[in-house]
Amino acid sequence: MDERVGEDEARGRADPTSRLSFRSRLTVALIAASILPLAVFALVVVLIEASFIGPNSDPNIGRLLLFAAAVIVAAAIFFSYGLADQLSAPLRHVVAAMDRVSTGDLSSPIRVAGDDELARLADSHNRLAGDLERRNRELRRILAAIEEVSPRDDVDALVERTSTDATSAFGLIDAVVVMGDASIIEPEEVVPGVSRPLRATLRAGGEELGVLLGRLPATRRWEPADQDLLDLYASEMAAAIRNAQLFATVESQNAQLLELDAAKDEFLRGVSHNLQTPLTSIRAYAEQLDLAAPDRRLGIIAEQSERLSRMVRQLLTVTRLESGALKPRSEVVSLGTRARKAWEALGADDVRFDVDDAGGGWLAIADADQLDQVLWALLDNGVKYGERTPIHVAIARDEAAPRLRLTIADRGPGVADADRDRLFGRFVRGAEPGTDSGSGLGLYVSRELCRAMGGDLLLEPTLAGRGAAFTIVLPGEPGEEA
């Protein structure tokens, strides 16, 4: 670029006339063309007079010739300037039109009479400006058509809209979109004087969805830029059609999933309700038989039926939570007392258990039955996954808000890092060995119950010497002792 500029500057120094405008150069050329013949003629006349007339000739003749030459020079300059102005006027019109085109004004054509180079230049400019204006209109129509589409539109309606908008945007006689493999439709030959066949492939993400076919009036020109514009429109509409197809697929799958989820919930409600009655009967008869004739096997039957009954209640609780039918009944309870009762109901006598109540006499506001269900699930997990290590319960008052925190911790291997983010999911069990038993609902149900009571259930960070630790957070208020 710098070398080119240097060459232009050197050429300007070598040719001073290149610094003059075209109009100035044309004026100088016209003046030279008109004066030089007269100057030569006047010089010849002066030489003839000096050679043949002699020294006694009238000196006024020379002055007259000089005056005539001066008048002729002035007239030549005047007429040359006017002629140069007339000759350069069409060029000024062309320049003005180009300036208007550069600002986006394509509505003012150049009017140049005749059939010379300037007239052909003006016709070429007018034709180019007309094509640009037409393509701008087509581009605006294309953008308007693309803005109106939505992934929620019906696929068939979107295909129909593609052909309709192509007809109006490009001024076609007709247009149609054929979905499927475009290679089975052979391209038509262009016949002069007959409507021109047009073709654009609908391609989205490397996949051919179909082909757009249309016919152009025989009087219309069709340039490569027009075909590029049609291909652009076809690709954009192909992307819109593909998005609509994917959205329809997702909507259908979502509807199926909702139906399956509703059927699953209905099944769980029926199974949970129907299992409660026989489980209650099994447990009651096992306890009666054990009282009449004590047997360790009857105790195991009663214990396992109670465990199964709790799992059934978890399933029933899930369905009631998701349907919004479960409403907690708030009452004032002692967390330490409820924790000890839940531990007694668990019956893990071979595991050490202790409670550190630092609540300062504060009581929790919760549903007692739902709190018992949460405590039993957490204590049962502590015994099972803590490998029957000691269970420690710590109760403390939250100084920042009127809340109580009850933390249940064991000294087992703890929760794996891969399970921490998903442990509260529904039907989710840990990935570590020994976690394949259970329904995977205990922590999910427990957290939802705590949240329904205005609190929460949290998994505490891992600490050295401590296994898994879960904290129940509940609203609280000072009791009579506090």
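Reference entry: report on the structure contained in this document. Given the structure is predicted, the values throughout are model-derived calculations rather than measurements. (Residues numbered from 1 in each chain as written. Predicted model: local features only at pLDDT ≥ 70, side-chain atom pairs only at ≥ 80, totals over all residues. Heavy atoms only, no water.)

**Here's the deal with the nonpolar core**
Spelled out, the test is: In these notes, a set of buried Ala, Val, Leu, Ile, Met, Phe, Trp, Tyr and Cys residues joined through side-chain atoms within 4.5 Å is what counts as a nonpolar core. Accessible area is worked out with a 1.4 Å probe on protein chains only. A residue is then buried under 20% of its type maximum, exposed over 50%, and partly exposed in between. Elements are defined by DSSP. Helices are runs of H or I of four residues or more, strands are runs of E of two residues or more, and each kind is numbered from the N terminus. It only takes one pair of heavy atoms within 4.5 Å for two residues to be counted as in contact.
The biggest cluster of nonpolar side chains holds 47 residues, and the ones touching the most others in it are W343, L379, V393, L406, F470 and I472. Looking at this core, the element that brings in the most residues is helix α9 (residues 368-385), giving eight residues. Those residues within four positions of L379 in sequence are excluded, and the remaining contacts are A339, A342, W343, L346, F353, I391, V393 and I408. Core analysis: the next-biggest nonpolar cluster, separate from the first, contains 28 residues, V149, V159, F170 and A234 among them.

**Concerning the packing of helix α8 (residues 335-346) against α9**
Rule in force here: Whenever a helix is involved, its axis is fitted only over the stretch in contact; in every case the axis is a line through C-alpha atoms, and angles between N-to-C directions fall within 0 to 180 degrees. Here the word oblique covers every angle except those under 35 degrees (roughly parallel), over 145 (roughly antiparallel) and from 65 to 115 (roughly perpendicular). Less than a right angle of anticlockwise turn of the near helix away from the far helix marks a crossing as left-handed, whereas a clockwise turn marks it as right-handed. Charged means Asp, Glu, Lys or Arg here, nonpolar means Ala, Val, Leu, Ile, Met, Phe, Trp, Tyr, Cys or Pro, and polar covers whatever is left, Gly included.
α9 packs onto α8 with a crossing angle of 55° between their chain directions and a minimal axis gap of 9 Å. Put simply, α8 runs oblique to α9. The two elements α8 and α9 meet at a crossing, and its hand is right-handed. Each of L335, R338, A339, A342, W343, A345 and L346 in α8 lies in contact with α9, whose residues at this interface are A368, L371, D372, L375, W376, L379, D380 and V383. Broken down by class, the residue content of the contact of α8 with α9 amounts to twelve nonpolar, no polar and three charged.

**Points about the side chain of T407**
In this structure, T407 sits in strand β8 (residues 403-409). T407 gets classed as buried once you look at its relative accessible area, which sits at 17%. With sequence-adjacent residues up to four places away left out, T407 is seen in contact with H392, V393, A394, E460, A469, F470 and T471.

**With respect to the pairing of strand β10 (residues 469-478)**
Using the following cut-off: Two strands pair under a simple rule: DSSP has to find at least two bridges between them.
Within β10, seven of the ten residues are buried, which leaves the element mostly enclosed by the surrounding structure. Where strand β6 (residues 362-366) lies against β10, three bridges are found, and the strand directions are antiparallel. Residue pairing for β10: L363 is matched across the bridge by E477. For β8 and β10, the ladder comprises seven bridges, and the chain directions are antiparallel. Bridge pairing links A409 to A469 in β10. Examined bridge by bridge, strand β9 (residues 456-459) and β10 share four bridges and lie antiparallel to one another. In the strand pairing of β10, L459 is matched with F470.

In short, shape yes, function no, at least from these values alone.
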